[in-house]
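Observations on the three-dimensional arrangement
Chain by chain, the residues run as shown.
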Amino acid sequence: MFSIRQGLRTASRHGVRALSTQPARAAPRYAGAAAAAAGVAAFALYQANTAVKMEGKPTIAGEHKTVSERSFIMIKPDGVSRQLVGKIIDKFESRGYKLVALKTVTPSKELAQEHYADLSSRPFFPGLVAYITSGVPVVAMVWEGKDVIKQGRRIVGATNPLDADPGSVRGQYAVSVGRNLIHASDSFDSATKEIGLWFKENELSQYEPAAWGWIMADN
Ligand code: DAT
Ligand code: MG
């Protein structure tokens, strides 16, 4: 049950950083958000029966709180129509995150409704779905790296551009909450759902950028 790799990971949590720039496990092999739920019971049993504290189960969003963590980032139709795609991508790329997947999509109503399912009872939901399905494409992306979910939210800025830090995407380029340019996963569970909703696993690239170690190492 207890592998050398797991032992090294445990050691890394206590100050030995031998694997600190490496994903803690082999590449995730989950096919999507639904598949990610498979094996949860077995994993819980394993956790209950071992003294080894695992950092979490890998999903299509990588492994939370490791360099393999992934976030779903989407430039909404106003960002594409306003030709801000390059400027927005630059914020993630020059920060040091790894581009894992990117495509334009003209979302169906069903896809937009599923993406924002948590907000379906809110009064702005119909307008939100209409905006996302305007006919102008969105740019759907997956970015990877340490803390990319939290950092992604900071790069994007607060939901209402009025509250967004001036250096954030929304704080720099947006005015209205209803046209706030960009989406970023707000948690590991959201990232798992959203990456699984927008991408197939075989659309997610695996490679190591040349400067990866320089950017992600903790010492
Ligand atoms: P975020 O996109 O920052 O995760 P959210 O998940 O609360 O914010 O809401 C999703 C989107 O819905 C948001 O980007 C813009 C829209 N929205 C949220 N609150 C709104 C409001 N009060 N009026 C109009 N649109 C709103
Ligand atoms: Mg949200």
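Counting restarts for each chain: residues are numbered from 1 in the order of the written sequence. The order in which chains are written sets their letters, starting at A; the order in which ligands are written sets their numbers, starting at 1. Confidence filtering applies because this is a predicted model: local features only for residues at pLDDT of at least 70, side-chain atom pairs given and counted only at 80 or more, and all residues used for totals across whole chains, interfaces and linings. Remark: hydrogens and water are excluded; side-chain values derive from all non-hydrogen atoms of the structure.

Around ligand 1, the neighbouring residues are Lys-76, Tyr-116, Leu-119, Phe-124, Leu-128, Arg-153, Thr-159, Arg-170, Val-177 and Asn-180. Under this definition, polar contacts are N or O atom pairs within 3.5 Å; protein pairs additionally need one hydrogen-donor-capable and one acceptor-capable atom, and for neighbouring residues in sequence, both atoms have to be side-chain atoms. Separating an oxygen atom of ligand 1 from a side-chain N or O atom of Thr-159 is a distance of 2.5 Å. For ligand 1, whose free accessible area comes to 520 Å², the fraction covered by protein is 73%. A cavity, in this analysis, means grid points on a 1 Å lattice covering only the protein atoms where a 1.4 Å probe fits yet has no way out; a pocket is instead an open set bounded by protein on both sides within 12 Å along at least five of seven lines, and a residue lines either one if it has an atom within 4 Å of a point. Think of it this way: if more than half of a molecule's atoms are within 2 Å of a pocket's grid points, that molecule is in the pocket or cavity. Spatially, ligand 1 is embedded in the largest pocket. Being near a molecule or strand, for a residue, comes down to having at least one heavy atom within 4 Å of it. Values of accessible area rely on a 1.4 Å probe in the Shrake-Rupley scheme; residue burial ignores everything except the protein chains shown.

Pairing between side chains of opposite charge can happen when their charged atoms approach one another. A side-chain nitrogen of Lys or Arg and a carboxyl oxygen of Asp or Glu constitute a salt bridge if their distance falls within 4 Å. Applying the stated criterion to the full structure yields 5 salt bridges. Of the charged contacts in the structure, one is a salt bridge between Glu-144 and Arg-70, with a shortest N-O distance of 2.8 Å. Taken as a pair, Glu-144 in strand β3 (residues 138-144) and Arg-70 in strand β1 (residues 70-75) lie far apart in primary sequence, 74 residues in all. Residue burial is assigned from relative accessible area. The probe radius is 1.4 Å, only protein chains are included, and a residue is buried under 20% of its type maximum, exposed over 50%, and partly exposed in between. Arg-70 sits in the buried class, given a relative accessible area of 6%. Three or more residues joined by partner-sharing salt bridges are found here, namely Arg-70, Lys-98 and Glu-144. Secondary structure elements are defined from DSSP: runs of H or I of at least 4 residues count as helices, runs of E of at least 2 residues count as strands, and each element is numbered from the N terminus.

As a further point, take the UniProt feature "active site" (unreviewed entry) in the protein chain. UniProt positions are given in the numbering used here, feature names are shortened, and annotations may be inferred rather than shown by experiment. The UniProt feature table records "active site" (unreviewed entry) at His-183. Mapping His-183 onto the fold places it in strand β4 (residues 182-184).

Let us look at the side chain of Glu-69. Within the secondary structure, Glu-69 sits in the loop between α3 (40-48) and β1. One buried charged residue, Glu-69, remains without a salt bridge, the closest side chain of opposite sign being Lys-65 at 7.6 Å. A distance of 3.3 Å separates the side chain of Glu-69 from the backbone nitrogen of Val-148, its partner in a polar contact. We treat Lys and Arg as the positive residues and Asp and Glu as the negative residues; His and chain ends play no part in the count.

Using the residue numbers shown here, the UniProt feature "binding site: ATP" (unreviewed entry) corresponds to Lys-76, Phe-124, Arg-153, Thr-159, Arg-170 and Asn-180. The annotated residues named above include Lys-76, Phe-124, Arg-153, Thr-159, Arg-170 and Asn-180 as those lining the largest pocket. Within the fold, Lys-76 resides in the loop between β1 and α4 (77-81). You can call Lys-76 buried: its relative accessible area is 4%.

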